[in-house]
Amino acid sequence: QVKNKLKVNYENGSDLVIWPNPSTGLVNFEINETLHSEKQTIAKVLIFDGVGKLVHVRSNMDMQRVTYNPNNIESGVYQVVVEDIYGNKYTGRMTIRKP
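Residues numbered from 1 in each chain as written. Predicted model: local features only at pLDDT ≥ 70, side-chain atom pairs only at ≥ 80, totals over all residues. Heavy atoms only, no water.

Chemist: I keep staring at the side chain of N21 and nothing clicks. Help me out?
Modeler: Mapped onto the elements, N21 comes out in the loop between β2 (15-19) and β3 (27-32). Among the polar contacts listed, one links the side chain of N21 to the backbone oxygen of R93, at a separation of 2.8 Å. Within polar-contact distance, the side chain of N21 engages the backbone nitrogen of T95 at 2.8 Å. (Helix = DSSP H or I, 4+ residues; strand = E, 2+ residues; numbered from the N terminus. Polar contact = N/O pair within 3.5 Å; in protein donor to acceptor, adjacent residues only side chain to side chain.)

Chemist: So what exactly am I meant to see when it comes to the nonpolar core here?
Modeler: Burial of nonpolar side chains together is a common tendency in soluble globular proteins. Core analysis: the largest hydrophobic core is formed by 18 residues, its most contacted members being F29, V45, I47, V80, V82 and M94. Among all residues touching F29, those that are not within four sequence positions of it are V17, I18, I42, V45, I47, Q64, R65, V66, Y68, V80, V82 and M94. (Core = buried A, V, L, I, M, F, W, Y, C linked by side-chain atoms within 4.5 Å. Buried < 20%, exposed > 50% of the residue type's maximum accessible area, 1.4 Å probe, protein only. Contact = heavy atoms within 4.5 Å.)

Chemist: Help me out: how do you make sense of the sheet that holds strand β5 (residues 54-58) in this one?
Modeler: Backbone hydrogen bonds are what pair the strands of a sheet, in a parallel or an antiparallel way. With antiparallel pairing, the four strands of this open sheet are ordered in space as β5-β4-β7-β8. Of all the strands in the sheet, the pair left with one neighbour each is β5 and β8 (89-96). Across the sheet, the axes of successive neighbouring strands diverge by a mean angle of 20 degrees, strand direction being ignored. The pairing of strand β7 (residues 76-84) with β8 spans eight bridges and is antiparallel. Considered in β8, the bridge of Y78 is made with M94. (Pairing = 2+ DSSP bridges. Axes fitted to C-alpha atoms, helices over the stretch in contact; angles between N-to-C directions.)

Chemist: Please explain the environment of I31 as it appears in this structure.
Modeler: Counting through the fold element by element, I31 comes out in strand β3. A relative accessible area of 0% places I31 in the buried class.

Chemist: Hey, could you run me through the pattern of salt bridges in this one?
Modeler: Between side chains of opposite charge, pairing is possible as soon as their charged atoms come close. Counted by the stated rule, this structure contains one salt bridge. Its salt-bridge partner being E30, residue R65 comes within 3.3 Å of it at the nearest N-O pair. In this pair, R65 is assigned in strand β6 (residues 65-68) and E30 in strand β3, connecting sequence segments 35 residues apart. With a relative accessible area of 44%, R65 lands in the partly exposed category. (Salt bridge = Lys/Arg side-chain N within 4 Å of Asp/Glu carboxyl O.)

So this is what it looks like as structure tokens:
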């Protein structure tokens, strides 16, 4: 079982799962669809710093799970926006702790 998962409820009953959170390395994003038996497919991931500056964008994806390497960002708390293939947006926060 994976520890340090953060689930963020979405109004349609789905969750954005971010783990491990906090992280000192790779971070995973997954939309855990609770209305159907299938997981939603991620099309886009945007990451914003504490002042709202876009620090990472990855698009044109068709994946159920995305792994992010936070090498190019500093320690801190970041806002994550994940968009599924239908245009629904899921938001959450991730914490990066660099040694």
